[in-house]
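Now for the letters of each chain:
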Amino acid sequence: MLHLQRASSGTLNHCSLTLEAGLHVILGHERDGTSDLIDLIAGSRAPRAGSVRVRGLAPHRSPALRQSMAVLRASEELFPARSVGEAVRVALTERGVPTTTEAALAQANLSHWAGRHAAKLNAHERRAVAASVVFSMAQPALAALHEPLAYLPGISPELGARRIASWVAAGCLVVCTTSSPAAVQTLGGSPWILERGGVLRPIAARSSVELAPGRPTTLLVRSTSARELAAALSRAPGVTAAAFDEAQHASQVRVQGADAKTLSLTVARVAREHALHVEAIVPSVPDLEVTRAASAGYLRAAYEAAYYSARAQQQDPAWSAHARS
């Protein structure tokens, strides 16, 4: 179990959170405190105020606990070493991970980095090397990962997603932070939104539509005949908009409508009628600000519904008589 009680550090202020085993994905920018949250959970720093407990222990005071956790920070520093291979070997030994340097780098598709000078890696490359060690851990006490599907050159997002899924299947508690609603969709689990360093609220979203309900459905259609497809779709019933921007995406059409299933069938029908090849149809995922605004709007709507319901009850004579009795 992870328990934060009014914890503060960096831009994170008086944050309270209790999480059980499973996957929890926290959506927000670094300025909202996502990287500070990972540092607190990992024990990289002590909280400025409040408390952090992992399995009942304060991680910043327990070296053994920190060693048993799988942690990927926004910024990583490698163990001092001449080569990447040597840095990985030392990290695996320090953490007691029973695998070889060659195996750790190979599973991350970074074998060709083994001889590189560790001091010459850029920030994203250092994160990738750190991830090769983290993803070699079979069953950590807890996993705390900042942007596990991005800013990891050479490592495919599928590798990170598979490793996280295996940890969850083994009963681990996994906390991921990301600024990408698309990553929330890919990872699954229980999504949360972190806002302005202190407001953490869950969002019930398993699809792009649920991330920002009420917005028109938008599909991204990839085609080798995107211009012709956009023209044909613009005349199709049920399509409210079909946009093609050759400068930005020469093989993509953005299509809007009321319903994803109906819209997909319309795209397929129009492509068949005009003998146009469609490579893929995928939903467009709203960005973080749209998702945040939708979540805040529904939170306010729920509050107002409860407020006016309570007022209506108080003004009901039958309810008032029951309350006095």
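See the structure shown above.
Remember, it's a predicted structure, so these values are computed and weren't measured experimentally.

What counts and how
Along each chain, residues carry numbers from 1 onward, in the same order as the chain's sequence is written. Local features in this predicted model are restricted to residues whose pLDDT is 70 or higher, and side-chain atom pairs enter the listing and the counts only when it is 80 or higher, whereas totals over whole chains, interfaces and linings include all residues. Each side-chain value is derived from all of the structure's non-hydrogen atoms; neither hydrogens nor water enter the calculation. Definitions used throughout: a 1 Å grid over protein atoms alone; a cavity as a set of points that fits a 1.4 Å probe which cannot get out; a pocket as an open set with protein on both sides within 12 Å along at least five of seven lines; a lining residue as one with an atom within 4 Å of a point. Grid points are joined across faces, edges and corners, and a volume is the space filled by probe spheres set on the points. Note on conventions: DSSP H or I runs of at least 4 residues are helices, E runs of at least 2 residues are strands, and numbering of each starts at the N terminus. Whether two strands pair comes down to DSSP finding at least two bridges between them. Axis angles are defined between N-to-C directions and span 0 to 180 degrees, where every axis is a line fitted to C-alpha atoms and, for a helix, only to the segment in contact. In this description, contact between two residues means that some pair of their heavy atoms is separated by no more than 4.5 Å. Burial classes follow relative accessibility: with a 1.4 Å probe on protein chains only, a residue under 20% of its type's maximum area counts as buried, one over 50% as exposed, and anything between as partly exposed. By the criterion applied in these results, polar contacts are pairs of N or O atoms within 3.5 Å in which, for protein atoms, one can donate a hydrogen and the other can accept it, and in which residues neighboring in sequence qualify only through two side-chain atoms.

### Describing the layout of surface pockets
Estimated volume of the largest pocket: approximately 490 Å³. What lines the largest pocket is a set of 21 residues, and nearest its centre among them are Arg 73, Glu 76, Glu 77, Phe 79 and Arg 95. Of all the secondary structure elements, the ones that give two or more residues to the lining of the largest pocket are helix H2 (63-68), helix H3 (84-95) and helix H5 (123-134). No other element matches the five residues that H3 contributes to the lining of the largest pocket.

### Considering the sheet that holds strand E4 (residues 49-54)
Spatial strand order, E2-E1-E4: three strands in an open sheet with antiparallel pairing. Each edge of the sheet is formed by a strand with only one pairing partner; in this case those strands are strand E2 (12-19) and E4. Geometrically, the sheet is characterised by an average inter-axis angle of 15 degrees between neighbouring strands, direction not taken into account. Sheet analysis places strand E1 (residues 2-9) next to E2, joined by five bridges and oriented antiparallel. Residue pairing for E2: Ser 9 is matched across the bridge by Leu 12. Contacting E1, E2 and E4, helix H1 (residues 34-42) crosses the sheet at an angle of about 125 degrees to E1.

### Examining the environment of Val 239
Its location among the elements puts Val 239 in the loop between helix H9 (226-233) and strand E11 (241-244). Beyond its immediate chain neighbours, meaning those up to four positions away, Val 239 contacts Leu 233, Val 255, Gln 256, Leu 263 and Thr 266.

### A closer look at unusual backbone geometry
Phi is positive for His 14, close to 50 degrees, though the residue is something other than glycine. In this fold, His 14 is placed in strand E2. In the Ramachandran plot, Tyr 151 falls in the positive-phi region, its phi being about 60 degrees despite a non-glycine side chain. Positionally, Tyr 151 belongs in the loop between strand E6 (143-146) and helix H6 (157-169). Accessibility expressed as a relative area gives 46% for Tyr 151, which makes it partly exposed.

### Brief notes about the environment of Val 71
Looking at where Val 71 falls in the secondary structure, it is placed in strand E5 (residues 70-72). By relative accessible area, which is 3% here, Val 71 ends up buried. Remark: the alpha-carbon pair of Val 71 and Ala 130, spanning 59 residues in sequence, is separated by 8.7 Å. Discounting residues that sit within four places of it in the chain, Val 71 has contacts with Ile 38, Ala 42, Glu 76, Val 134, Ala 144 and Leu 145.

### What to know about the side chain of His 24
Note that His 24 resides in strand E3 (residues 22-27). A polar contact of 3.0 Å, which involves the side chain of His 24, links it to the backbone oxygen of Glu 20. Sequence-distant contacts of His 24, defined by excluding residues within four places in its chain, comprise Leu 19, Leu 173, Val 174, Val 175, Cys 176, Ser 190 and Trp 192.

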